[in-house]
Amino acid sequence: MSTPGSNAEWETLISKVAETLENTRLEQRTSVTSNLNRTIDHTQLALAATEEQIDELCAQALKYQFVTVCVRLKHVKQAAERLREAPDVGVACVVGFHEGMYETLEKEQEARAAVELGATELDMVLKYPLLKNRQYTDIYEDVIGVRNAAPAPVLLKVILETSQLSREEIIAGSVISCLAGADYIKTSTGFQGGGATVENVALMSQIAGLLGKGCKVKASGGIRSAADCVKMLQAGADRIGASSGVKIIQEVNGEEQSEPGVASGAY
């Protein structure tokens, strides 16, 4: 599938994808509770997060073997140092968070800095307000700018902020992100209205499968229980963003739930 070169070409492609979706049936997954911990990005994005809270976040990730910890740029170095001897637990850093409307150059600089400090994954916020004006080329250039600034093996997740978008806009954002080289399309920052919904995760999964670019889906925002987690995975998510990872896994394992010790922000 060739990449459109103008807004008009993007509109044509997005319309074709939307039409195809109407005739495509999505099968719900089953048996998703095994290795649930290995789907979770254990998240701490509070602006006021302390070094002690980041240490606790990393300790919890090591104990429960979450796939990553997800933090802001200022905490990447600390997290990478704490997890240096744990190759199975990565460090994800948010980029352009949470508004998304930073200049692309700023996002590229933030992405490079995060990788230099030890980030193995990036969660960037799409310029989602531009979707409402169908400025598709500008959105594509923003995503591919960050992709080029932090090429593979760094994983790139693109946050659409689905609570602020219509179905058509979610389709457009998903198509553009996948074609710009995103490894994951992600629902939400958790800082703008509602978070992930089963319907939006299923839609995004359907689009990613249709495009055939190997892009996956991350569900985030408001996922606070094992039941929430399972619903999102059954709908098509491959990764979960949550500040309640410990509670979720304790629930699954039938453990006594500990008192929350990490101030998580809105995630």
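Residues numbered from 1 in each chain as written. Predicted model: local features only at pLDDT ≥ 70, side-chain atom pairs only at ≥ 80, totals over all residues. Heavy atoms only, no water.

The name given to the protein chain in an unreviewed UniProt entry is deoxyribose-phosphate aldolase, with Aspergillus rambellii as the source organism. Listed in UniProt under the heading Catalytic activity (unreviewed entry), the comment for the protein chain reads: "2-deoxy-D-ribose 5-phosphate = D-glyceraldehyde 3-phosphate + acetaldehyde". Turning to the protein chain, the UniProt annotation filed under Function (unreviewed entry) states: "Catalyzes a reversible aldol reaction between acetaldehyde and D-glyceraldehyde 3-phosphate to generate 2-deoxy-D-ribose 5-phosphate." (UniProt positions renumbered as here; feature names shortened; annotations may be inferred.)

(A) View of the state of the cysteines. Tallying each qualifying case throughout the model produces zero disulfides. No disulfide involves C229; its nearest neighbouring cysteine sulfur is the one of C70, lying 15 Å away. (Disulfide = S-S within 2.5 Å.)

(B) Layout of the pattern of salt bridges. Here the structure, examined in full by the defined rule, presents 17 salt bridges. E121 serves as the salt-bridge partner of K157, at 2.6 Å between the closest nitrogen and oxygen. On the criterion of sequence distance, the pair formed by K157 in strand β5 (residues 155-159) and E121 in strand β4 (residues 121-125) is long-range, its members being 36 residues apart. When sorted by exposure, K157 lands in the same class as E121, which is buried. Taken together, the shared-partner salt bridges connect D41, E121, D123, K157, K186, K218 and R239 into one network. (Salt bridge = Lys/Arg side-chain N within 4 Å of Asp/Glu carboxyl O. Helix = DSSP H or I, 4+ residues; strand = E, 2+ residues; numbered from the N terminus. Buried < 20%, exposed > 50% of the residue type's maximum accessible area, 1.4 Å probe, protein only.)

(C) Structural view of the packing of helix α1 (residues 7-22) against helix α6 (residues 167-179). Two elements in contact, α1 and α6, have axes separated by 10 Å at closest approach and are oriented at 115°. Taken together, the axes of α1 and α6 are roughly perpendicular relative to one another. The two elements α1 and α6 cross, and the hand of that crossing is right-handed. Packed against α1, whose contacting residues are W10, L13, I14, V17, A18, L21 and E22, the element α6 presents R167, I171, A172, V175, I176 and L179 at the interface. Classifying every residue of the contact of α1 with α6 gives 11 nonpolar, no polar and two charged. (Axes fitted to C-alpha atoms, helices over the stretch in contact; angles between N-to-C directions. Parallel < 35°, antiparallel > 145°, perpendicular 65-115°, else oblique. Left-handed = near helix turned anticlockwise from the far one by under 90°. Contact = heavy atoms within 4.5 Å. Nonpolar A, V, L, I, M, F, W, Y, C, P; charged D, E, K, R; others polar.)

(D) Main features of helix α7 (residues 198-211). In a regular helix each residue adds 1.5 Å, so 14 residues correspond to 20 Å; α7 covers 20 Å between its end C-alpha atoms and thus fits that length. A large share of α7 lies buried, amounting to 10 of its 14 residues. Every buried residue belonging to α7 is among N200, V201, A202, L203, M204, S205, Q206, I207, A208 and L211, and all of these are buried. Those residues of α7 that are buried are in contact with α1, α6, β6 (184-186), β7 (216-220) and α8 (226-235). Looking one or two residues past α7, G212 carries a phi angle of roughly 65°, positive in sign. (Expected span 1.5 Å × (residues − 1).)

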